[in-house]
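Fold and geometry: a report
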There are 2 protein chains.
Amino acid sequence: MTGSTDDHTVFIGNKPFMNYVTGVVMQFTTQGASEVIIKSRGKFISRAVDVAEVAAKRFLEGNVAVKDITINSEEFDNKEGKKVRVSSIEITLGKK
Amino acid sequence: MTGSTDDHTVFIGNKPFMNYVTGVVMQFTTQGASEVIIKSRGKFISRAVDVAEVAAKRFLEGNVAVKDITINSEEFDNKEGKKVRVSSIEITLGKK
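Everything numeric here is computed off the predicted structure, so don't read it as measured data. (Residues numbered from 1 in each chain as written. Chains lettered and ligands numbered in written order. Predicted model: local features only at pLDDT ≥ 70, side-chain atom pairs only at ≥ 80, totals over all residues. Heavy atoms only, no water.)

**Section: the packing of helix α1 (residues 17-29) of chain B against helix α2 (residues 45-59) of chain B**
All names here are of chain B. Relative to each other, α1 and α2 sit at 55°, their axes nearing to 9 Å. Taken together, the axes of α1 and α2 are oblique relative to one another. The element α1 and its partner α2 pack so that their crossing is right-handed. Taking contact as the criterion, the partners of Phe17, Met18, Tyr20, Val21, Val24 and Val25 in α1 are, on α2, Arg47, Asp50, Val51, Val54, Ala55 and Phe59. Looking at the contact of α1 with α2, its residues break down into ten nonpolar, no polar and two charged. (Axes fitted to C-alpha atoms, helices over the stretch in contact; angles between N-to-C directions. Helix = DSSP H or I, 4+ residues; strand = E, 2+ residues; numbered from the N terminus. Parallel < 35°, antiparallel > 145°, perpendicular 65-115°, else oblique. Left-handed = near helix turned anticlockwise from the far one by under 90°. Contact = heavy atoms within 4.5 Å. Nonpolar A, V, L, I, M, F, W, Y, C, P; charged D, E, K, R; others polar.)

**Considering the sheet that holds strand β4 (residues 83-95) of chain A**
Each strand in a sheet pairs with another by means of backbone hydrogen bonds, the pair being arranged parallel or else antiparallel. Residues and elements named next belong to chain A. Judged by pairing direction, the sheet is mixed, and its four strands sit side by side in the order β1-β2-β4-β3 without closing on themselves. One side of each edge strand has no neighbouring strand; the edge strands of this open sheet are β1 (9-11) and β3 (64-77). The mean inter-strand angle of the sheet, taken between neighbouring strand axes irrespective of direction, is 20°. The pairing of strand β2 (residues 35-41) with β4 spans seven bridges and is antiparallel. In the sheet register, Lys39 faces β4, and the bridge partner there is Glu90. (Pairing = 2+ DSSP bridges.)

In structure tokens:
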């Protein structure tokens, strides 16, 4: 499934939006997940929030809710030797 | 101060990035805030996370940390009468 790995984690990138929503929903409905972690970095953080909201409120309404959200960031040197900080988010959805 | 309102809340939009970071940092350092709430919607959610991370880890390191994060979304009809869902985030930074 697009953007998924084992262990009920979905990484959000630039594939079509509904691929990710479907990925999250199917983890709960056909893979028996009790929790799904939605992860993303940089500009895709907004998208991760959209995926979590649409999955939880439109497709799994009443059954799944946001259990935990964490943010983090890493600083590294880019090609020009300049320090760049990239943020990340992890949103855990869980069965109610 | 850019993007700020009363009550230690900073709304993130499309002004220069460091305006928002400075806004958050100054709430703690010169306004005596014990908590600052960083809010944003839609595509600016990624930016809100960046602001929170840079403020907490670069400028206020050791003194301020993320205390709470909530996400939400609202569905409304756009100009074409189509349903659109817009996500939002609130990140609460607090003194350690």
